Amino acid sequence: QVRLVESGGGVVQAGGSLRLSCAASGNIFRISVMGWYRQAPGRQRELVASITSGANTNYADFVKGRFIISRENAKNTVTLQMNSLKPEDTAVYYCNAATPTTPTRVYWGQGTQVTVSS
């Protein structure tokens with residue numbers, strides 16, 4: 001019932017910036033929390049940042065102070081502004097959304113590649 005499409009990935013030099021966007025369509029009123037996860041080759045998928053319907057944010061320690069998550073356009077899109085990028089930020093970044101239902105239903109985007117050169 002919810003479709004998530006990411007965009008904005010690419011290749012940047014260390015210290016550079018990228019802006020990832022996630023466009024939500026479908027029954028967006030069934031979404032409570034949205035976030036960004038990332039997965040590097042051979043590593044577990046990990047939470048990068050999340051944002052609630054009330055715009056409360058949560059960041060992983062390794063991105064705090066560098067990344068900013070926000071909801072825009074009446075909550076139809078979610079953006080991850082990534083600054084001061086490091087080579088260890090290289091990963092596939094996935095948009096995620098969860099419903100307030102019991103059990104919680106989770107939706108995932110297809111992912112977008114971010115590569116940071118050293």
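Before reading further, recall that the structure is shown in the block above.
What counts, and where the lines are drawn
Residues numbered from 1 in each chain as written. Predicted model: local features only at pLDDT ≥ 70, side-chain atom pairs only at ≥ 80, totals over all residues. Heavy atoms only, no water. Pairing = 2+ DSSP bridges. Helix = DSSP H or I, 4+ residues; strand = E, 2+ residues; numbered from the N terminus. Axes fitted to C-alpha atoms, helices over the stretch in contact; angles between N-to-C directions. Core = buried A, V, L, I, M, F, W, Y, C linked by side-chain atoms within 4.5 Å. Buried < 20%, exposed > 50% of the residue type's maximum accessible area, 1.4 Å probe, protein only. Salt bridge = Lys/Arg side-chain N within 4 Å of Asp/Glu carboxyl O. Lys, Arg positive; Asp, Glu negative; His and termini not counted. Polar contact = N/O pair within 3.5 Å; in protein donor to acceptor, adjacent residues only side chain to side chain. Contact = heavy atoms within 4.5 Å.

Asker: Just checking my understanding: could you explain the sheet that holds strand S3 (residues 18-26) for this structure?
Answerer: Strand pairing in a sheet takes place through backbone hydrogen bonds and is either antiparallel or parallel in direction. Read from one edge to the other, the open sheet built from four strands follows the order S1-S3-S8-S7, with strand pairing classed as antiparallel. The sheet is open, and its two edges are formed by strand S1 (2-7) and strand S7 (67-72), each paired on a single side. Averaged over all adjacent pairs, the angle separating strand axes in this sheet is 15°, with direction ignored. Where S7 lies against strand S8 (residues 77-82), six bridges are found, and the strand directions are antiparallel. The residue of S8 that forms the bridge with Phe-67 is Met-82.

Asker: What's the story with the nonpolar core in this structure? I'm lost.
Answerer: Among the nonpolar cores identified, the biggest contains 29 residues, and Leu-4, Met-34, Trp-36, Leu-80, Met-82 and Tyr-93 are the most heavily contacted of them. Every element with two or more residues in this core is listed here: S1, S3, strand S4 (33-39), strand S5 (46-52), S7, S8, strand S9 (91-98) and strand S11 (112-117).

Asker: For this particular structure, what's the right way to read the pattern of salt bridges?
Answerer: A complete count under the given rule lists three salt bridges for this structure. A salt bridge links Asp-89 to Arg-38; its shortest N-O distance comes to 2.8 Å. In this pair, Asp-89 sits in the loop between S8 and S9 while Arg-38 sits in strand S4, placing the two residues 51 residues apart along the sequence. Two residues, Asp-89 and Arg-66, come together in a salt bridge whose shortest N-O distance is 2.8 Å. Of this pair, Asp-89 sits in the loop between S8 and S9 while Arg-66 sits in the loop between strand S6 (57-59) and S7, and the two are 23 residues apart along the sequence. The exposure class of Asp-89 is buried, given its relative accessible area of 1%. For Arg-66, a relative accessible area of 11% translates into the label buried. Among the charged side chains, a network of salt bridges with common partners joins Arg-38, Glu-46, Arg-66 and Asp-89.

Asker: Can you help me understand the side chain of Arg-71 in this one?
Answerer: Assignment of secondary structure puts Arg-71 in strand S7. Buried and unpaired, Arg-71 has Glu-72 as its nearest opposite-charge partner, separated by 11 Å. A polar contact is formed between the side chain of Arg-71 and the backbone oxygen of Ser-32, at a distance of 3.4 Å. There is a polar contact of 3.2 Å between the side chain of Arg-71 and the backbone oxygen of Ile-51. Among all residues touching Arg-71, those that are not within four sequence positions of it are Ile-31, Ser-32, Val-33, Met-34, Ile-51, Thr-52, Ser-53, Thr-77 and Val-78.

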